[in-house]
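So you can see what is in the structure, the chains are spelled out below.
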Amino acid sequence: MNPSTGVQSTLTRGPLDDAKAQLAQAVDLLGVSDGVHAMLATPRREMAVAVPLRRDDGSIAVYEGFRVQHNFSRGPAKGGLRFSTAVDLDEVRALAMWMTWKCALVDVPYGGAKGGVALEPREHSTAELERVTRRYTAEILPIIGPEVDIPAPDMGTDEQTMAWIMDTYSVSRGHTVPGVVTGKPISLGGSLGRASATSRGVAHVALMAMKSRGIDPTTATAAVQGFGKVGRGAARFLAEAGVRVQAVSDVDGAIWLEEGIDIARLGEHSDATGSVAGFDSCEPIEPGSLLTLPVDVLVPAAVEGVLTEHNAPQVQASIVVEGANGPTTQAADAILADRGILVVPDILANAGGVIVSYFEWVQSNQAYQWRESEVNDRLAERMTNAWHAVVEQAGARGITYREAATALAVSRVIEAHELRGLYP
Ligand code: GLU
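Residues numbered from 1 in each chain as written. Predicted model: local features only at pLDDT ≥ 70, side-chain atom pairs only at ≥ 80, totals over all residues. Heavy atoms only, no water.

Asker: Even after reading the chapter, I still don't get the overall build of the chain, so can you show me in this structure?
Answerer: Within the chain one finds 13 helices and twelve strands. In terms of overall dimensions, the chain is globule-like: its C-alpha atoms have a radius of gyration of 21 Å, near the 22 Å expected for 424 residues. With respect to the principal axes defined by its C-alpha atoms, the chain has extents near 55 × 55 × 55 Å. Going through the 424 residues of the chain one by one, you find that 56% of them count as buried. The long-range fraction of contacts in the chain, counting pairs at least 24 apart against all pairs at least 6 apart in sequence, stands at 68%. Surface summary for the chain: the accessible area is close to 17200 Å², and the carbon and sulfur share equals 51%. Charged side chains of the chain number 36 positive and 51 negative; the gap between the two group centres comes to 6 Å. (Helix = DSSP H or I, 4+ residues; strand = E, 2+ residues; numbered from the N terminus. Rg over C-alpha atoms; globule rule 2.2 N^0.38 Å. Buried < 20%, exposed > 50% of the residue type's maximum accessible area, 1.4 Å probe, protein only. Contact = heavy atoms within 4.5 Å. Areas by Shrake-Rupley, 256 points an atom, 1.4 Å probe, with all protein chains shown as cover. Lys, Arg positive; Asp, Glu negative; His and termini not counted. Charge placed at Lys NZ, Arg CZ, Asp CG, Glu CD.)

So this is what it looks like as structure tokens:
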């Protein structure tokens with residue numbers, strides 16, 4: 001909202017507006033009552049905490065932390081924990097709502113949640129990150145647990161963060177509770193295949209989308225925005241399938257190479273220098289221009305709101321696969337749909353992570369480890385089933401894949417809610 005005009009500009013709309021607009025579309029399509037709509041639009045539980053940190057130099061800094069549990073109708077709340085300066089309550093609310101739909105769409109028995117701490121992890125030592133993670137965990141301790149709400153990695157957090165959360169929670173309970181988090185190190189009960197699961201799922205659906213559009217992966221080109229947990233693996237799996245990944249970016253820069261970038265070697269370069277920038281014979285390009293390159297497949301795998309009404313008219317890819325959560329604003333979504341560009345929505349495209357999180361939770365709760373091939377096969381099966389369900393729904397109703405995916409997910413959450421009934 002612009003305070004001087006009182007007008008809600010599309011430029012100042014955030015992810016929560018997009019998430020709510022998507023829910024409203026699904027509600028219209030399904031003919032849901034206003035009361036149920038209001039329940040689905042409102043998080044069941046929210047916690048805002050101050051996270052004081054003793055810095056290495058002895059000074060104290062205080063960060064804002066949040067955990068939002070959007071829905072529990074289908075099971076415990078589930079979702080990642082994000083460390084980023086962009087974190088605020090509305091962003092976490094949007095991300096939590098998307099987790100509810102994602103879990104329902106791929107049919108894992110969870111509701112949705114998300115957490116965040118508003119800090120820049122790159123500005124902190126490992127010791128500071130450990131203290132901030134433990135203090136945040138201690139603050140939200142009353143509302144997490146393997147049967148309540150199970151955090152996982154997201155932007156700015158990793159398996160080490162999960163190990164600290166698991167330890168802090170376990171110490172408070174007096175016994176080790178591996179099922180309180182997923183995305184843990186393998187040696188602490190993490191699942192084989194979890195680290196690459198989101199990327200693997202992105203590549204699965206990208207290949208299914210290419211097939212549906214008659215695009216041969218071995219002659220196809222792609223651009224991937226983001227070279228973190230999602231983008232890096234997605235670029236690698238696409239390259240392994242024969243796709244020429246011509247452009248990649250991260251927060252520090254973007255690079256382009258006509259004949260396709262050697263992703264394995266780019267990974268080594270990024271590990272050594274901290275960025276994709278400056279890699280080999282690649283040309284540096286303006287990061288924003290990556291989104292409008294003439295490629296077959298565009299994978300935004302960084303942050304929310306990067307495809308807007310301003311750049312959507314220039315997108316040249318015929319397929320957009322949303323590796324990130326919420327990379328396309330509502331306005332951009334309508335433009336891409338009008339232009340016949342196939343958008344594979346985030347709640348389908350990046351669901352591989354939470355699918356294998358579910359497998360990890362099952363394994364942790366049973367103190368048993370599956371083989372990696374078993375994990376990958378079951379992941380592929382769930383991604384494929386969800387893909388076909390979305391394609392079928394979109395075809396039957398004549399709607400976009402996002403509308404179809406959201407409507408399917410919302411209808412499953414409503415079914416669970418109606419079967420359980422409203423207490424009291
Ligand atoms: N942070 C990931 C997501 O946005 C994974 C969540 C999870 O595994 O719980 O889907």
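Asker: I would appreciate a short explanation of the site of the ligand in the present structure.
Answerer: Taken together, 14 residues surround the ligand, and among them Lys78, Lys102, Pro153, Asp154 and Ser357 come closest. Between aspartate 154 and the ligand, the recorded distance is 2.8 Å, taken from a side-chain N or O atom to a nitrogen atom. Here an oxygen atom of the ligand and a side-chain polar atom of serine 357 are 2.5 Å apart. The protein chains hide 94% of the 290 Å² of surface that the ligand would expose on its own. Elements with a contribution of two residues or more to the shell around the ligand: strand 3 (77-83), helix 3 (89-105), strand 5 (149-153) and helix 11 (352-366). A class-by-class count of the residues in the shell around the ligand yields four nonpolar, five polar and five charged. (Near = heavy atom within 4 Å. Polar contact = N/O pair within 3.5 Å; in protein donor to acceptor, adjacent residues only side chain to side chain. Nonpolar A, V, L, I, M, F, W, Y, C, P; charged D, E, K, R; others polar.)

Asker: Can you walk me through the environment of serine 73 in this structure?
Answerer: Structurally, serine 73 can be placed in the loop between strand 2 (60-71) and strand 3. Classification of serine 73 as buried rests on a relative accessible area of 17%. Sequence separation between serine 73 and glycine 190 is 117 residues; the distance between their C-alpha atoms is 26 Å. When neighbours within four sequence positions are excluded, serine 73 is seen to be in contact with Val413, Ala416, His417 and Arg420.

Asker: Even after reading the chapter, I still don't get the nonpolar core, so can you show me in this structure?
Answerer: Considering soluble globular proteins, one finds that nonpolar side chains tend to be buried as a cluster. Counting 86 residues, the largest nonpolar core has Trp101 and Val321 as its most contacted members. Counting residues in hydrophobic clusters, the runner-up holds 24 residues, among them Val49, Tyr136, Ile143 and Met166. (Core = buried A, V, L, I, M, F, W, Y, C linked by side-chain atoms within 4.5 Å.)

Asker: What am I meant to see in the sheet that holds strand 6 (residues 221-225) here?
Answerer: Pairing within the open sheet is mixed, and its seven strands lie in the order 9-8-7-6-10-11-12. Two strands close off the open sheet at either side, each with one partner strand: strand 9 (283-285) and strand 12 (342-344). Averaged over all neighbouring strand pairs, the angle between strand axes comes to 20°, with direction disregarded. With five bridges connecting them, strand 6 and strand 7 (residues 244-250) associate as parallel partners. Bridge pairing in strand 7 places glutamine 225 opposite serine 249. (Pairing = 2+ DSSP bridges. Axes fitted to C-alpha atoms, helices over the stretch in contact; angles between N-to-C directions.)

Asker: It is not clear to me how the side chain of serine 249 should be interpreted in this structure. Could you clarify?
Answerer: Summarising the element assignment, serine 249 is placed in strand 7. Under the relative-accessibility criterion, serine 249 is labelled buried at 4%. With residues near it in sequence (within four places) discarded, serine 249 still touches Val224, Gln225, Gly226, Phe227, Ala254, Val276 and Leu290.

Asker: Could you clarify how one ought to interpret the pairing of strand 7 in this entry?
Answerer: Every regular strand shows the same layout, with side chains that alternate between the two sheet faces. In terms of residue burial, strand 7 counts as a mostly covered element, since six of its seven residues are buried. For the crossover that starts at strand 6, traverses helix 7 (residues 231-240) and ends in the parallel strand 7, the hand is right-handed. Two elements, strand 7 and strand 8 (residues 253-256), share four bridges in a ladder whose sense is antiparallel. If you follow alanine 247 over to strand 8, its bridge partner there is tryptophan 256. The hairpin turn running from strand 7 into strand 8, its antiparallel successor, is two residues long. (Right-handed = clockwise from strand over helix to strand, strands pointing away.)

Asker: Before we go on, may I ask you to explain the packing of helix 11 against helix 12 (residues 372-397) in this structure?
Answerer: Two quantities define a packed helix pair, namely the angle between the axes and the distance from one axis to the other. Running from amino to carboxyl end, helix 11 crosses helix 12 at an angle of 130°, the nearest separation of the two axes being 10 Å. If you check the angle between helix 11 and helix 12, you find them oblique. The handedness of the crossing between helix 11 and helix 12 comes out as right-handed. Taking contact as the criterion, the partners of Gly352, Ile355, Val356, Tyr358, Phe359 and Gln363 in helix 11 are, on helix 12, Val375, Arg378, Leu379, Arg382 and Met383. Considered class by class, the residues forming the contact of helix 11 with helix 12 number seven nonpolar, two polar and two charged. (Parallel < 35°, antiparallel > 145°, perpendicular 65-115°, else oblique. Left-handed = near helix turned anticlockwise from the far one by under 90°.)

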